[in-house]
Amino acid sequence: MTIEDLKSQQLILFEVISGSKSFGLNTPTSDTDIKGVFYLSKEKFFGLEYIPQISNETNDIVYYELGRFVELLLKNNPNILEILATPEDCILYKHPIMEQLRLEDFLSKLCKDTFAGYAMTQIKKARGLKKKIVNPIAKERKSLLDFCYVLQGYDAIELKHWFKLNNYTQEDCGLISIPHSRGMYAIFYDENQALGYKGIVKNEKSNEVSLSSIPKGEKEVGYLYCNQDGYSQYCKEYSEYWEWMEKRNQERYNVNQLHGKNYDSKNMMHTIRLLQTALQIMQTGTLNIRVVNREELLSIKAGEMEYDDLMKLAEKLIETIEEIATLTSLQEIPDKTKAETFLIQMRNQLYEVSK
């Protein structure tokens, strides 16, 4: 089922412009995100083809099935509550039946954890992106050999440097593990290639060292330490970094490069916005997603604040939210029974109309 099907079969109940335009944070380069609610035909709903969500390839147009929408409202999902709280000037279509879903029936103390919790996820993401920006990883991939060292007296030198000093090649080496010494190996060398040694690694893409059968009486030429954990961490960071490089939003990346603060400023703007929204809900018991501090938030997006100052601001907001949450008059959790009753009534009305 596609978005075109929803429209051609007139199954859309609610359709809004979401994101920066609904928040009042849009600029000339802002995209238009569309979110909405739909219902399934009676045959699909009662059959085996229940579909909770439909979106386009880029996920900037997303519609939620009515039941899934209510389910997420009950969980105080920030994105879903913000759809229901969309300002009138950003509502493209609203079926009269949607009037039964009132924002005040769903707002609860859960918002402290969902909004602030989502913001904390964004902070973690921002820190990860900052690390990527500040610490670029070379395209040429390192091998396990780059994480191996040879003991040299009271020191250790890089294995590749040790090869050069001794005019050795890794293919002519043989290793045996040393009991009770994780990552430690004795190195043997066969310059005549007569003893069948397997080398340090099988090839440049190997993720573990090779062990060889060493003939009795052979003398080791050194002791090797392999930092397997370090190599595994490097491989993870390498994959994440180059996946990010391939998928990054180039315009957004260019903005971050221009302001030179080494963090994703758009990410941090939304993090602060989420925390301020959580505080608003705890203080007022309402949700107005159209921001009143547009210039402040856009200055964050432009990279006009230092990263450490933004972290301090976020921490202060979280601390205040925790304090206010103990005083708020909001319900502990939304009334599931009440919401379910409304959902059943809405479905009955919809399917009676569609006969």
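Residues numbered from 1 in each chain as written. Predicted model: local features only at pLDDT ≥ 70, side-chain atom pairs only at ≥ 80, totals over all residues. Heavy atoms only, no water.

Caption draft 1: Highlighting the pairing of strand β6 (residues 148–152). As judged from the 3 bridges shared by β6 and strand β10 (residues 222–226), these two strands associate in the antiparallel manner. Within the sheet, the bridge partner assigned to Val 150 lies in β10 and is Leu 224. Linking β6 to strand β7 (residues 155–158), which pair antiparallel, is a turn of 2 residues; within it Gly 153 sits at a positive phi near 65 degrees. (Pairing = 2+ DSSP bridges. Helix = DSSP H or I, 4+ residues; strand = E, 2+ residues; numbered from the N terminus.)

Caption draft 2: View of the packing of aromatic side chains. Here the structure, examined in full by the defined rule, presents 12 aromatic pairs. Geometrically, the ring pair formed by Phe 45 and Phe 46 is edge-to-face, given 5.1 Å between the ring centres and 75 degrees between the ring planes. The exposure class of Phe 45 is partly exposed, given its relative accessible area of 24%. Residue Phe 46 is classed as exposed on the basis of its relative accessible area, which comes to 59%. (Phe/Tyr/Trp six-rings, centres within 6.5 Å; stacked < 30°, edge-to-face > 60°. Buried < 20%, exposed > 50% of the residue type's maximum accessible area, 1.4 Å probe, protein only.)

Caption draft 3: Fine view of the packing of helix α10 (residues 265–284) against helix α11 (residues 294–301). The N-to-C vectors of α10 and α11 enclose an angle of 145 degrees; their axes lie 7 Å apart at closest approach. Together, Ser 265, Lys 266, Met 268, Met 269, Ile 272, Arg 273 and Gln 276 of α10 and Glu 296, Leu 297, Leu 298, Ile 300 and Lys 301 of α11 make up the contact between the two elements. Looking at the contact of α10 with α11 residue by residue, the classes come out as 6 nonpolar, 2 polar and 4 charged. (Axes fitted to C-alpha atoms, helices over the stretch in contact; angles between N-to-C directions. Contact = heavy atoms within 4.5 Å. Nonpolar A, V, L, I, M, F, W, Y, C, P; charged D, E, K, R; others polar.)

Caption draft 4: Fine view of the sheet that holds strand β1 (residues 12–18). Pairing is mixed across the open sheet formed by 5 strands, whose spatial order is β3-β4-β2-β1-β5. Two strands close off the open sheet at either side, each with one partner strand: β3 (53–55) and β5 (91–94). Across the sheet, the axes of successive neighbouring strands diverge by a mean angle of 15 degrees, strand direction being ignored. With 3 bridges connecting them, β1 and β5 associate as antiparallel partners. By the bridge assignment, Val 16 is partnered in β5 with Ile 91.

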